[in-house]
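# A look at the structure
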Amino acid sequence: MTAITETKLEFTKLGSRIGAEIRGLDLSGDLSPATVAQIREALNVHKALVFREANILTDEDQVKFAGHFGPLTNAHPTVASVDGEPAVLPVDSENGSANNWHTDVTFVVNPPQASTLRSITLPSYGGETLIASSAGAYRDLPDELRNFADTLWAIHTNDYDYSRPKNLEHANAEERRKEFTRIHFESAHPVVRVHPLTGERGLFIGGFAQRLRIVGLSNTESKDILRILQAYITRPENVVRVNWEPNQLVLFDNRITQHYAPGNYDGQPRKLNRVTIAGDIPVGADGRTSTSIKGDSSAYSETVVVP
């Protein structure tokens, strides 16, 4: 029988608004309910947790760790998983980089509540992951803009317009695009989401919302408003820059963050593996819940009901 890990956790803050790290906590074993509760509480406070020297060396270890926080999603609604590991998505530079601000899989009605990333192959420089607090962004809004945002809803989709110039696209971009959009999803989400555990409000937009529009507004009006709101999310005060090391895992709250992977490593190999934890249906400031417009996400993820 595997020994239960009993640890009093001491996280070191990486910034005043987002991010904390801990070194040497063994995440590969059976974590006690008390340890899991401490990690959950730290995630509620810091939004993104960095575990260095985590002793998570296999996909099985990562799946086991993520499973402490709820049922897992499949790897992705449309993209293939790691062979033999249906919950593990390879985040591989060979398939391009996620160098746009986004929250994972918001084009479905029940996006993941949290994501884990594990380092596999790292470049000799660059390759960081930037994570932003959408709660900090919401608090930064002027009262008038905050009250306006509380009333807005946006359509999220995986059907990208891909306005990036062809000469800057990855060699596999066309094939990747076809795989990513082989099932068309659209969902209507509140622009301001209420976190079910903390009650905090955060801006729930990002890359998948940028592709369509705000409900009731024109495309031009939508883009202008989303651009203004997005600028608050990516203010430096709201962003933590996570440097990667071998044997490292990052856990971030997908309900109230965005993230970005800058392509700043000159084509060197970079590979992380992602496992995501099933989430609830977002709730807006007025109590209304998100709705699905196109695509059935039930095969991708169950919906968690938060008491």
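Throughout, residues of each chain are indexed from 1 in the direction in which the sequence is written. Where local features are concerned, this predicted model is filtered to residues with pLDDT of at least 70; where side-chain atom pairs are given and counted, the filter is 80 or more; whole-chain, interface and lining totals use all residues. Neither water nor hydrogens contribute to the side-chain values; these are computed over all heavy atoms in the structure.

If you look the chain up in an unreviewed UniProt entry, it shows as Taurine dioxygenase from Pseudarthrobacter enclensis. Recorded in UniProt under Cofactor (unreviewed entry), the annotation for the chain is "Fe(2+)". UniProt positions are given in the numbering used here, feature names are shortened, and annotations may be inferred rather than shown by experiment.

What follows covers the pattern of salt bridges. Salt bridges, as used here, are contacts in which a Lys or Arg side-chain nitrogen is within 4 Å of a carboxyl oxygen on Asp or Glu. Tallied over the full model, the rule gives 19 salt bridges. Note that glutamate 53 and arginine 23 form a salt bridge whose closest N and O atoms lie 3.1 Å from each other. Linking glutamate 53 in the loop between strand 5 (48–52) and helix 2 (59–67) with arginine 23 in strand 3 (residues 20–23), this pair joins segments that are 30 residues apart in sequence. A salt bridge links arginine 193 to aspartate 280, with the nearest nitrogen and oxygen atoms 3.3 Å apart. Taken as a pair, arginine 193 in strand 11 (residues 192–194) and aspartate 280 in the loop between strand 16 (271–277) and strand 17 (291–294) lie far apart in primary sequence, 87 residues in all. The two residues arginine 193 and aspartate 280 agree in class, both being buried. By definition, any uninterrupted DSSP run of H or I lasting at least four residues is a helix, any uninterrupted run of E lasting at least two residues is a strand, and each is numbered from the N terminus. Exposure classes here rest on a 1.4 Å probe applied to the protein chains alone. A residue is buried below 20% of its type maximum, exposed above 50%, and partly exposed in between.

Turning to helix 1 (residues 33–46), a few remarks are in order. One fewer than the residue count of a helix, multiplied by 1.5 Å, yields its expected span. Helix length check: helix 1 (14 residues) gives 20 Å between terminal C-alpha atoms against 20 Å at 1.5 Å per residue, within 8%. Buried residues of helix 1: Thr35, Val36, Ile39, Arg40, Ala42, Leu43, Asn44 and His46, and no others. Backbone geometry just after helix 1 places lysine 47 at a positive phi near 75°.

So, on to unusual backbone geometry. Even without being glycine, glutamate 53 reaches a positive phi, approximately 50°. Residue classification places glutamate 53 among the partly exposed positions, given a relative accessible area of 43%. Even without glycine at this site, asparagine 247 takes up a positive phi of about 60°. Take asparagine 247: it is sitting in the loop between strand 13 (239–242) and strand 14 (248–253).

Another point: the sheet that holds strand 10 (residues 186–190). The strand order across the open sheet built from three strands is 9-10-17, with neighbouring strands paired in antiparallel fashion. Pairing within the sheet leaves two strands with one partner each, and these edge strands are strand 9 (153–157) and strand 17. Direction aside, neighbouring strands of the sheet carry axes that sit 30° apart on average. Strands qualify as paired when DSSP identifies two bridges or more between them. Relative to strand 10, strand 9 is paired through five bridges, and the arrangement is antiparallel. Structural elements are reduced to axes, namely lines fitted to C-alpha atoms, with helices fitted over the stretch in contact, and the angle between N-to-C directions of any two is expressed from 0 to 180 degrees.

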